[in-house]
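# Chains, contacts and geometry: an overview
Below, each chain spelled out in residue letters.
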Amino acid sequence: MVLAFLNQKGGVGKTTLAVHVAAALTRHRAKVLLIDADPQGSALDWAACRVAAVLFPVIGFPKATLHKEIPAHLPHYDHILIDGPPRVNDLARSAIMAADVVVIPVQPSPYDVWAAKDIVDLIGEAAIYHEAIKSAFVINRRIVNTAIGRDVAEALAGYNIPVLSAHISQRVAFAESAATGSTVLENDPTSQASREIMALAEELLDFDTESGR
Ligand SMILES: Nc1ncnc2c1ncn2[C@@H]1O[C@H](COP(=O)(O)OP(=O)(O)OP(=O)(O)O)[C@@H](O)[C@H]1O
Ligand SMILES: [Mg+2]
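How each quantity is defined
Residues numbered from 1 in each chain as written. Chains lettered and ligands numbered in written order. Predicted model: local features only at pLDDT ≥ 70, side-chain atom pairs only at ≥ 80, totals over all residues. Heavy atoms only, no water. Pairing = 2+ DSSP bridges. Helix = DSSP H or I, 4+ residues; strand = E, 2+ residues; numbered from the N terminus. Axes fitted to C-alpha atoms, helices over the stretch in contact; angles between N-to-C directions. Contact = heavy atoms within 4.5 Å. 1 Å grid on protein atoms, 1.4 Å probe; cavity = no way out; pocket = protein on both sides within 12 Å on 5 of 7 lines; lining within 4 Å. Points joined across faces, edges and corners; volume = space filled by probe spheres on them. Nonpolar A, V, L, I, M, F, W, Y, C, P; charged D, E, K, R; others polar. Phe/Tyr/Trp six-rings, centres within 6.5 Å; stacked < 30°, edge-to-face > 60°. Buried < 20%, exposed > 50% of the residue type's maximum accessible area, 1.4 Å probe, protein only.

As recorded in an unreviewed UniProt entry, the protein chain goes by the name Plasmid partition protein ParA-like protein, listed as coming from Candidatus Contendobacter odensis Run_B_J11.

## Section: the sheet that holds strand S1 (residues 2-5)
Strand order in this open sheet of 6 strands is S3-S2-S4-S1-S5-S6, and the pairing throughout is parallel. A strand with exactly one partner marks an edge of an open sheet, and here the two such strands are strand S3 (58-60) and strand S6 (134-139). Each neighbouring strand pair of the sheet contributes to a mean axis angle of 25°, computed without reference to strand direction. Note that strand S2 (residues 32-36) and strand S4 (residues 79-83) share 5 bridges and pair parallel. Bridging across to S4, Leu 33 finds its partner in Ile 80. This element, helix H1 (residues 14-26), spans S1, S2, S4, strand S5 (101-106) and S6 of the sheet and lies at about 165° to S4.

## As for the layout of surface pockets
Reported here for the largest pocket is a volume of approximately 380 Å³. Together, 23 residues line the largest pocket, and Gly 11, Val 12, Gly 13, Thr 16 and Arg 141 are the ones closest to its centre. Counting residues per element, the ones that place at least two in the lining of the largest pocket are H1 and helix H7 (172-179). Here the element with the most residues in the lining of the largest pocket is H7; it accounts for 4 residues. When its residues are assigned to classes, the lining of the largest pocket shows 7 nonpolar, 11 polar and 5 charged.

## A word on the packing of aromatic side chains
Scanning the model with the defined rule gives 3 aromatic pairs in all. Between Trp 46 and Phe 56, the ring centres sit 5.6 Å apart and the planes meet at 10°, which makes this aromatic pair stacked. With a gap of 10 residues between them, Trp 46 in helix H2 (residues 42-48) and Phe 56 in the loop between H2 and S3 connect regions that are remote in the sequence. Taking relative accessible area as the criterion, Phe 56 reaches 4% and is therefore assigned buried. Ring centres 5.7 Å apart and planes at 75° place the aromatic pair Tyr 111 and Trp 114 in the edge-to-face group. Highlighted residues: Tyr 111 and Trp 114, both in helix H5 (residues 110-126), separated by 3 residues, approximately one helical turn. Tyr 111 gets classed as exposed once you look at its relative accessible area, which sits at 59%.

Here it is in structure tokens:
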């Protein structure tokens, strides 16, 4: 499957979730490619400071011709993940055209709920050309033991895009793992952070194969 992690809002967790879901998918011996479509090159930076063996290749392609580039890679990989840029609409549009599933990370804050309108609108426009496109919100940085995650899920329901039941909590382990080009899955595979990521990867695999939507 081709998964694009997109949100025009910056700092919501696109790179963190793309890297971690990519790592989780390799656990099933799947061949995974991560395309860094962000001119900031954060996923490339992550790969560059990695000490451990490569889990999956990361290539940079921050161009609005991404949807033309991806088909050439499809025969070689089970899953291709795209880490999208904030703001740049033409890149996000190209990523949507290339994707089977658009994953929209949102933080549990009303600002994030309002800001999601931009990406929801882009997906709506792209759906005219790419009818089969599926999309889902994933709540990231949920504060453990608070109700706000639930409130945000209800607020997001107004967009007519499903909210995945897997959500990712706020944990310093994510920032710590990034500093060494690692992932929480490698650092502590039995941690809550790892479990949440594995549950997200499983749900995305199911979501991709579900019919409808
Ligand atoms: N679940 C989490 N728990 C703790 N920290 C997190 C979590 N998710 C992301 N972060 C941290 O938040 C910051 C922003 O995350 P990230 O870079 O993944 O967002 P982004 O959407 O890719 O940002 P940009 O729009 O700039 O590309 C990073 O420092 C990251 O380590
Ligand atoms: Mg990023």
